[in-house]
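Each chain, letter by letter, is given below.
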Amino acid sequence: MDIQGVVAEGFEPVRDAFVRNFEVLGDRGAAVAVYRDGRKVVDLWGGSRDADGTEPWTEDTAQIVRSATKGVAAAVPLLLHQRGLLDLDAPVGSYWPEFKAGGKEKVLVRDLLAHRGGIPALDRGLTAAEAADGVSGPRAVAAQHPFWEPGTGHGYHAQTYSWLLSELVLRVTGRTLGSVLAEDIAEPLGLDFWIGLPETEAEAGRVGRVAPVDPPESAGMLRTRPRRNVSEAYADPGSLTRRAFAAIDPLPDENAPAYRAAELPASNGIGTARALARFYGATIGVVEDGARIFTPATTGLAAREHSSGPDRVLVVNTRFGAGYMLHGPASPLLSPASFGHPGRGGSLAFAAPEAGIGFGYVTNALAKSVTADPRAQALVRALRSAL
């Protein structure tokens, strides 16, 4: 495998693990990047830009990162909070009056960020067109009765997170979440990351195609079976698990231009591993040219546990901060203080404040993993060994 890019001295184990991902774990095209103390120390890419093609992955290839989008999207409401424009302890309905319907008057902004709002699914799944139109999704979650008493437990809002955050940000700022991200975060930081891919040939031409893959036989012990109750939850059409992931039904074509152009902060962010690593580096400190996103107080808010224990959707124990998944058995990150977000199928990005680390991994070979992909975990272990 021809691996391109650079690795600073001492971080060679990350390159070795990246090579092994292709040789043993079935990666087709991927990139990994690491920032430490604001300086880029790993920036690698290899394979093909399309999971089912041969054109090489280049330095600027971008990919859809599925739920790793959530961690980037969460920076928008936290930035608004930092600026004094959004109170995390205010009822959502104080900004979005229609949201009060169905017994949701007491749902707090903080509850939405920590997956405690009780609306991970919809009574009727939306079509791909409805999901992307900017109106149907917010209208549906506003009318939806919660599946449990909000604030009393948590469950992963796999798809509805898109419309909850989008509409909240729109009501507070008059701008879409994707435009706030582009203008207030991505552009100042020089990030190649979009929620709502611009309709320009230059940007669209950089994005590779994703495709589902099965791990090869060479992965051996990594072809593990999930716990029985988890398997049953995903197999049961009536379970909250299946209904949460089927809030868009049928599932959209993630390679379609219309889907890429939509603003779905839960699932369709597009970017590079370099952008993700730099983003998370800027959530915990200053990166290379003096840019940063969060104050120390906001960083602490992102990393502070808001939800923990049995997840009513994922059917495993999970931990969430204000918009970020936290380190735990279901989603191992670098250390207990880490915060970030995996993407179903493989992508992973996070910050490790105590180590000064911002990490990003993207892939076009979408495996069946939800929160702990073997390829991403191999890179995390290698990074840990290098520190």
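Scoring rules and cut-offs
- Throughout this description, residue numbers start from 1 for each chain and increase along the sequence as written.
- Given that the model is predicted, a residue must reach a pLDDT of at least 70 before its local features are reported, and side-chain atom pairs must reach 80 or more before they are shown or counted; all residues, however, enter totals for whole chains, interfaces and linings.
- Derived side-chain values reflect all non-hydrogen atoms in the structure, with water molecules and hydrogen atoms excluded from consideration.
- Throughout this description, buried means an accessible area under 20% of the type-specific maximum (1.4 Å probe, protein chains only), exposed means over 50%, and partly exposed covers the range between.
- For helices the rule is a DSSP run of H or I covering at least 4 residues; for strands it is a run of E covering at least 2, with both sets numbered from the N terminus onward.
- Should DSSP find at least two bridges between two strands, the strands are taken to pair.
- The rule is simple: put a 1 Å grid over the protein atoms alone, call a set of points where a 1.4 Å probe fits but cannot get out a cavity, call an open set with protein on both sides within 12 Å along at least five of seven lines a pocket, and count a residue as lining if it has an atom within 4 Å of a point.
- Grid points are joined across faces, edges and corners, and a volume is the space filled by probe spheres set on the points.
- Residues are grouped as follows: Ala, Val, Leu, Ile, Met, Phe, Trp, Tyr, Cys and Pro are nonpolar; Asp, Glu, Lys and Arg are charged; all remaining types, including Gly, are polar.
- To estimate the expected span of a helix, count its residues, drop one, and scale the result by 1.5 Å.
- Note on definitions: a residue-residue contact is assigned when non-hydrogen atoms from the two residues lie within 4.5 Å.
- In summary, the pairing rule links any two rings of Phe, Tyr or Trp, Trp by its six-membered ring, whose centres are within 6.5 Å, and it sorts them by plane angle into stacked for under 30 degrees, edge-to-face for over 60 and tilted for everything else.
- Ring-over charges, as used throughout, are those where CZ of Arg or NZ of Lys falls within 6 Å of the ring centre and within 35 degrees of the ring normal.

**Q** Any chance you could explain the pairing of strand 3 (residues 39–47) here in plain terms?
**A** Side chains on a regular strand alternate between the two faces of the sheet. Taking burial as the measure, the nine residues of strand 3 include seven buried ones, the bulk of the element. Pairing of strand 1 (residues 3–7) with strand 3 involves five bridges; the strand directions are antiparallel. Bridge pairing in strand 3 links Val6 to Asp43. Pairing between strand 2 (residues 29–36) and strand 3: eight bridges, direction antiparallel. Following the sheet pairing, Tyr35 is matched in strand 3 by Lys40.

**Q** What am I meant to see in the layout of surface pockets here?
**A** Rolling a probe over the atoms, with the probe sized like a water molecule, indicates the empty space that remains. Taken as a whole, the second largest pocket holds about 200 Å³ of empty space. The wall of the second largest pocket is formed by Ala131, Ala132, Gly134, Pro138, Trp163, Ser166, Glu167, Leu170, Thr176, Leu177 and Glu263. At the level of elements, helix 4 (128–132) and helix 6 (161–173) are the ones that each hand at least two residues to the lining of the second largest pocket. At four residues, the largest contribution of residues to the lining of the second largest pocket is made by helix 6. Within the lining of the second largest pocket, the residues separate by chemical class into six nonpolar, three polar and two charged.

**Q** It is not clear to me how helix 1 (residues 12–23) should be interpreted in this structure. Could you clarify?
**A** Given 3.6 residues per turn, any residue in an α-helix points the same way as the ones three and four places further on. Taking 1.5 Å of rise per residue, the twelve residues of helix 1 would be expected to cover 16 Å, and the 17 Å separating its terminal C-alpha atoms lies within 8% of that figure. Listing the buried residues of helix 1 in full gives Val14, Ala17, Phe18, Val19, Asn21 and Phe22. Buried-residue contacts for helix 1 involve strand 1, strand 2, strand 3, strand 13 (357–363) and helix 14 (374–386).

**Q** Sorry if this is basic, but what is going on with the sheet that holds strand 7 (residues 270–271) here?
**A** Strand pairing in a sheet takes place through backbone hydrogen bonds and is either antiparallel or parallel in direction. Spatially, 4-7-5 is the arrangement adopted by the three strands of the open sheet, whose pairing is antiparallel. The outermost strands of the open sheet, each flanked by one partner alone, are strand 4 (63–64) and strand 5 (193–194).

**Q** It is not clear to me how the packing of aromatic side chains should be interpreted in this structure. Could you clarify?
**A** Within a pair of aromatic rings, the relevant descriptors are the distance that separates the centres and the angle that separates the planes. A full pass over the atoms with the stated rule returns ten aromatic pairs. Taking the centre distance of 6.3 Å and the plane angle of 65° together, the rings of Tyr280 and Phe339 count as edge-to-face. Within this pair, whereas Tyr280 is found in helix 12 (residues 273–284), its partner Phe339 is found in strand 11 (residues 339–342), the two being separated by 59 residues in sequence. Their ring planes at 75° and their centres at 5.2 Å tell us that Tyr324 and Phe339 sit as a pair that is edge-to-face. Pair noted here: Tyr324 is in the loop between strand 9 (317–320) and strand 10 (325–326) and Phe339 is in strand 11, with a separation of 15 residues, a long-range link. Both residues of the pair, Tyr324 and Phe339, belong to the buried class. Through successive ring pairs, a cluster of aromatic residues spans Tyr156, Tyr234, Phe245 and Phe320. When the ring centre of Phe99 is taken as reference, the NZ or CZ atom of Lys104 above it lies at 4.9 Å. Across from the ring centre of Phe245, 4.5 Å away, lies the NZ or CZ of Arg344, which sits over that ring.

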